[in-house]
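Listed below are the residues making up each chain.
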Amino acid sequence: MNPSTAGSLAEPTYLNHETTVRSWLLTRDHKRIGVMFLVLVISALLLGGVFAMLLRIELLTPGPTIMGPMTYNRVFTLHGVTMVWLFMIPAIPSAFGNFVLPLMLGAKEVAFPRLNLASVYIYAAGAALTVFGMVWSGADTGWTFYTPYSTTSPTAVTPILLGVFIIGFSTIITGLNFITTTHTLRAPGMHWSRIPLFVWAIYGTSVIQVVATPVLAMVLVLVALERVAGVGIFDPTRGGDPVLFQHMFWFYSHPAVYIMVLPAMGVITEVVCAFSRKNIFGYRMIAASTFGIAFVGFFSWGHHMFVSGQSTFGSGIFGVLSMLVAIFTAIKIFNWVATMYGGAIDLKVPLLYVLGFIFLLTFGGMTGVAVATTSLDVHWHDTYFIVAHFHYIMVGSVLMAFLAALHYWWPKMFGRLFPERWASVAACTIIFGFIVTFLPQFLLGNMGMPRRYYQYPSEMQWLNVLSTAGASLLAFGFGLIGLYLVWSLRYGKVSPANPWGSRGYEWFSASPPGPHNFREPPRFEREVHDYTVSEAPHVF
Amino acid sequence: MNEFFRQVLFLPEQASTFARDVDHLHYVIISTAMVVATLIFGLAGFFLIRYRRRSESQATRKVQTSLGWEVLFVGSPLAVFLAWFFIGYHDFVWMQTPPPEAMDVYVVAKQWMWKFTYPEGPNAIGVLRVPVGRPVRLLLTSRDVIHSFYVPAFRVKQDALPGAYTQTWFEVTRPGRYRVMCTEYCGLKHSEMWAEVVALSPEDYAAWLREQRAGPVALRDATPGAAERDEPLVPARLAMEYSAEAPHGELMTAERGTLAERGERVAAEKGCLRCHTVDGTAHIGPTWWGLYRREERLEGGGTVVADEAYLTESMMKPQVKQVEGYALVMPSFQGQLDAAEVAALIEYIRTLRGARRDDIRPGGPVYEPIDGR
Ligand code: HEM
Ligand SMILES: [Cu+2]
């Protein structure tokens, strides 16, 4: 059954006004592009997830379990590369950003629709090259590609470097597109102080993407050149500096963690408002802290290098600046919780993920403060404590926000409701599984288990077993979500235009929206998420 | 209290002078994190119940912030974070600054083994013997890729870089055997790149050194001292259950004589002595006599203290910091000298010191008095 025929008006939606394969592949509709990205990033998540399970199974016993050391080293690299470059960086901006940002602004399209289509294909090409590298021989450098190991490793590092390099262009294009769209295509009534906070978050992210990604591109090309042509940039026997790579890499990759986390924070803001029926507490503070993070994030890269031989004074500066980033995150956490104060809270599935998000971000953020404390980081650097820290904060927040967004905007995107009960079971499984997976890793780090270890001292075994058990729960939760979401596409209840009674601007359009988003140009006459008005928004 | 927290947090034993202080800050931060997370969560839970939705059409009022609250919310955690940071940084500076009386050991990392060389002669693969109660400075380098020297029980870690020297130090507080691991991914056997620190009482250590000096050269590699032989502890490396063959990787060949003697041989073989003298007379290049820790005037202004870092740099990139008054004729020894040879040269240069300043002709570099050692 077609979702739109069930509504009162049988209007064409973006999904069914054209149905040929060609109309999808050559579409310039930001909503279809968002859906294409969604499919691609979910495939990346699946691939990365399979690698993750292989790693966890290998670590069940202290010695070899199911594979040899070389395979293990490749698998952890492929896990990291896939998850970071193919899933976490593009997931929320490219999939949900593309879908809802123009809707939230009251625009018909993004500023450069053709470039937008190009960004899908560039991403797909980069991902294909990366996967080709994996299948061909698979790098064993870790997702960080540290030199001089990466320039001397016998594995196929080059195709993977180039794949990531190509994906970078997709990121830059998407960023430019969002910046321009936000500046030029806002509907009447939307001045800067009314822009939804998700848009602010995407906007801040785009700025980082446009500024930082070229540095990554450069350093990847330099590594590739050093591998292929033997240029002496990082290799000390040719007069290069091995640590130079780390500076350049983290100059991008530290801000990159905010490329991942800021959009996640934007999603959380939207969902908290919708399910608490409240305007956001401290709109300006949240928008300002987004830019605070984006800015200070550029000056804290050195905290990855406290034991690399950089100057003691330099470490101090980077440590202090990291504390500033932490405080911007703290502001947001306070504001989300404060938003619930005096609200009308409905604990639906997206809000469950928000709670998971807040828990993981608080804990991950506090451990971030702990590792930014230079003396403590000497013990923790490159151990499982760091692995747990960045999974909590980076993976935890991206994953939770991705799932929150998926559930919150599912009716918007496909016009169907998912089964609430199954979804709650899955959400609880995932949050619990996540904690069981990564909490033991903090303790393993304390014990001194280095990261990227194929074998470990036997007294560390039971914590590893616990972690693997948690990972299995996680996998189960994902399986469940996959099942009921696919089921709901066909059999789910048809959704009303605004199933959550949200006052977010994106619900001014029909669900799913028509091919041109709005039947008549919307006007934004109130603030976003203004719940002092009791009626749901009128669909334009 | 210390012991309680240490066990709850699964921290390894505290066997160095830093360990306790570092751990105390750890306890404070982690406990605060737990308390804060609980409070935030408790508050969210309370709101969830107190403000649950009662009807579908329920409207809410707008809550606006006052500046005072915002400042409080932002200011107080920031103050706490910065306080932690400064306490931690104080310890960090301590951990980064080897005391001048420390004994030196050169550490060369290589896929996938650790080699320790003492200035007095013996060298050992996989076992670092140190006396308890005396600061030990490690001068680390690598022969291939980046490795990282990590002793969990000491809370010490430092990267070993190819083509450069880094340093760290520790002082062991009680005799025992402590696990050393590599924490920077370095290829196939990264997770097997283990070694151990054997901390001996000062008497046992002295006895071991005596034995090393007396024994034939062939035995100078990693021979356990009498104290260890009497007390058959299982080395940390063997305590693992999986069978990792030991030693990991190929053996490095042992060298004859003390490190400084080796340095002298290297200097002659590689042609350093064609330009540098070792007795204070100026020649094509600056003399090595008293060079270590001397302040050198540089071409184009500025000075530099000739420490290990500078000496290495001068061998690898002589053009970067050129001493005033000398032509740039020194070739780069990048790729000509391996890490062990660099260590030997530095050790040799360090033995060349004394007060023969009167021999030196004016006009060349200015030699400042040598402070410290
Ligand atoms: C908001 C989000 C954050 C994200 C997404 C994030 C992510 C990460 C990631 C991915 C790493 C590991 C990189 C690697 O070595 O592979 C890392 C390490 C680190 N993070 Fe965070 N982090 C966040 C917040 C913070 C905060 C607030 C602080 C400090 C106050 C912090 C301090 C550190 C430090 C010092 C390290 C390096 C530790 C080491 O490698 O020894 N992080 N973080
Ligand atoms: Cu290693």
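Rules behind the numbers
Residues numbered from 1 in each chain as written. Chains lettered and ligands numbered in written order. Predicted model: local features only at pLDDT ≥ 70, side-chain atom pairs only at ≥ 80, totals over all residues. Heavy atoms only, no water. Donors = N, O, S within 2.8 Å, 3.2 Å for Na, K, Ca; no water. Helix = DSSP H or I, 4+ residues; strand = E, 2+ residues; numbered from the N terminus. Pairing = 2+ DSSP bridges. Axes fitted to C-alpha atoms, helices over the stretch in contact; angles between N-to-C directions. Buried < 20%, exposed > 50% of the residue type's maximum accessible area, 1.4 Å probe, protein only. Salt bridge = Lys/Arg side-chain N within 4 Å of Asp/Glu carboxyl O. Contact = heavy atoms within 4.5 Å. Buried area = accessible area lost by both parts, 1.4 Å probe. Polar contact = N/O pair within 3.5 Å; in protein donor to acceptor, adjacent residues only side chain to side chain. Nonpolar A, V, L, I, M, F, W, Y, C, P; charged D, E, K, R; others polar. UniProt positions renumbered as here; feature names shortened; annotations may be inferred. Near = heavy atom within 4 Å. 1 Å grid on protein atoms, 1.4 Å probe; cavity = no way out; pocket = protein on both sides within 12 Å on 5 of 7 lines; lining within 4 Å. Points joined across faces, edges and corners; volume = space filled by probe spheres on them. Expected span 1.5 Å × (residues − 1). Core = buried A, V, L, I, M, F, W, Y, C linked by side-chain atoms within 4.5 Å. Patch = residues over 30% accessible without salt bridge, like charges linked within 9 Å, V, L, I, M, F, W, Y side chains within 5 Å. Areas by Shrake-Rupley, 256 points an atom, 1.4 Å probe, with all protein chains shown as cover.

1. Description of the coordination of the iron atom of ligand 1
Around a metal, the perfect tetrahedron of four donors has angles of 109.5 degrees, and the perfect octahedron of six donors has angles of 90 or 180 degrees.
Logical step 1: Protein coordination of the iron atom of ligand 1 is limited to a single donor, His389(A) (NE2), positioned at 2.4 Å.
Logical step 2: Considering the arrangement of structural elements, one finds His389(A) in helix 15 (residues 384-414).

2. Looking at the sheet that holds strand 6 (residues 147-151) of chain B
Residues and elements named next belong to chain B.
Logical step 1: Spatially, 4-10-9-6-7 is the arrangement adopted by the 5 strands of the open sheet, whose pairing is mixed. The open sheet has two free edges, formed respectively by strand 4 (127-131) and strand 7 (156-160), since each of these has just one partner strand. With direction set aside, neighbouring strand axes in the sheet form an average angle of 25°.
Logical step 2: Pairing of strand 6 with strand 9 (residues 176-182) involves 2 bridges; the strand directions are antiparallel. When the bridges of strand 9 are listed, Phe149 appears paired with Cys182.

3. Some thoughts on unusual backbone geometry
Logical step 1: The residue after Thr147(A), namely Pro148(A), is reached through a cis peptide bond having omega -5°.
Logical step 2: Topologically, Pro148(A) is positioned in the loop between helix 6 (113-136) and helix 7 (149-152).
Logical step 3: In this chain, Gln111(B) is followed by Trp112(B) through a cis amide linkage whose omega measures 0°.
Logical step 4: One non-glycine residue with positive phi stands out, namely Asp382(A), at about 60°.
Logical step 5: In this fold, Asp382(A) is placed in the loop between helix 14 (374-380) and helix 15.
Logical step 6: For Asp382(A), a relative accessible area of 6% puts it in the buried group.
Logical step 7: Positive phi outside glycine occurs at Arg155(B), with the angle close to 60°.

4. Details of the pattern of salt bridges
Residues and elements named next belong to chain B.
Logical step 1: Scanning all chains against the criterion turns up 16 salt bridges over all chains.
Logical step 2: Residue Glu308 pairs with Arg350 through a salt bridge whose shortest N-O separation is 3.3 Å. One end of the pair, Glu308, is in helix 7 (residues 308-316); the other, Arg350, is in helix 8 (residues 339-351), with 42 residues separating them in the sequence.
Logical step 3: Looking at Glu308, the relative accessible area reads 6%, which means it is buried.
Logical step 4: The partner of Lys321 in a salt bridge is Glu313, and the shortest N-O contact between them spans 2.8 Å.
Logical step 5: Classification of Glu313 by relative accessible area gives partly exposed; the value is 22%.
Logical step 6: Salt bridges sharing partners connect three or more residues here, namely Asp104, Arg137, Glu308 and Arg350.

5. As for the interface of chain A and chain B
Logical step 1: With 99 residues of chain A at the contact, the number on the chain B side is 84 residues.
Logical step 2: For the chain A and chain B pair, buried surface summed over both sides reaches about 8000 Å², with 68% attributable to carbon and sulfur atoms.
Logical step 3: Three residues stand out in chain A for area buried against chain B, namely Arg277(A), Met366(A) and His379(A), and they jointly supply 8% of the buried area on that side.
Logical step 4: On the surface where chain A and chain B come into contact, there are 2 salt bridges.
Logical step 5: Across the salt bridge formed by Arg53(B) and Asp346(A), the nearest N and O atoms sit 3.9 Å from each other.
Logical step 6: Our enumeration of links across chain A and chain B arrives at 24 residue pairs in polar contact (both at pLDDT 80 or more).
Logical step 7: Breaking the side of chain A that touches chain B down by element, the ones donating at least two residues are helix 4 (69-88), helix 7, helix 10 (242-276), helix 12 (312-340), helix 13 (349-372), helix 14, helix 16 (420-447) and helix 17 (461-491) of chain A.
Logical step 8: Among the elements that line the side of chain A that touches chain B, the one with the most residues is helix 12 of chain A, at 15 residues.
Logical step 9: Residue composition of the side of chain A that touches chain B, by class: 55 nonpolar, 33 polar and 11 charged.

6. A short note on the UniProt feature "domain: Cytochrome oxidase subunit I profile" (unreviewed entry) in chain A
Logical step 1: The UniProt record annotates "domain: Cytochrome oxidase subunit I profile" (unreviewed entry) at residues 18-525 of chain A.
Logical step 2: Taken end to end, residues 18-525 of chain A is 70% helix and 0% strand, and its first and last C-alpha atoms sit 33 Å apart.

7. With respect to the site of ligand 1
Residue and element names in this part refer to chain A.
Logical step 1: Surveying the vicinity of ligand 1 reveals 21 residues, the closest of which are Asp377, His381, His389, Phe390 and Arg451.
Logical step 2: Here an oxygen atom of ligand 1 sits 2.6 Å away from a polar atom, N or O, in the side chain of Asp377.
Logical step 3: A distance of 2.9 Å is found between an oxygen atom of ligand 1 and a side-chain nitrogen or oxygen belonging to Arg451.
Logical step 4: Listed by contribution, the elements that provide at least two residues to the shell around ligand 1 are helix 10, helix 12, helix 13 and helix 15.
Logical step 5: The biggest single contributor to the shell around ligand 1 is helix 15, with 5 residues.

8. Quick notes on empty space enclosed by the protein
Residue and element names in this part refer to chain A.
Logical step 1: Here the structure, examined in full by the defined rule, presents 10 cavities of 30 Å³ or more.
Logical step 2: Taken as a whole, the second largest cavity holds about 70 Å³ of empty space.
Logical step 3: Lining of the second largest cavity is provided by Ile89, Pro90, Pro93, Ser94, Tyr123, Ile167, Ser170, Thr171, Thr174 and Gln209.
Logical step 4: Secondary structure elements with two or more residues in the lining of the second largest cavity: helix 5 (91-105) and helix 8 (157-184).

9. Remarks on helix 6 of chain A
Residue and element names in this part refer to chain A.
Logical step 1: Spanning 24 residues, helix 6 covers 35 Å between terminal C-alpha atoms, matching the ideal 34 Å at 1.5 Å per step.
Logical step 2: On its buried face, helix 6 is in contact with helix 2 (21-25), helix 3 (30-58), helix 4, helix 5 and helix 8.
Logical step 3: Taken from the residues just after helix 6, Gly138 is the one with a positive phi, measuring 75°.

10. Observations concerning the nonpolar core
If you look at soluble globular proteins, the nonpolar side chains tend to sit buried side by side.
All names here are of chain A.
Logical step 1: Membership of the largest hydrophobic core comes to 251 residues, with the highest contact counts inside it found for Trp85, Trp336 and Trp409.
Logical step 2: It is helix 15 that contributes the most residues to this core, 24 residues altogether.
Logical step 3: Beyond its immediate sequence surroundings of up to four residues, Trp409 is in contact with Phe96, Val100, Met104, Phe198, Val267, Glu506 and Trp507.

11. Brief notes about a nonpolar patch on the surface
Logical step 1: Residues Val21(A), Leu25(A), Leu26(A) and Tyr121(A) make up a contiguous nonpolar surface patch of roughly 380 Å² in combined accessible area.
Logical step 2: Classification of Leu26(A) as partly exposed rests on a relative accessible area of 47%.

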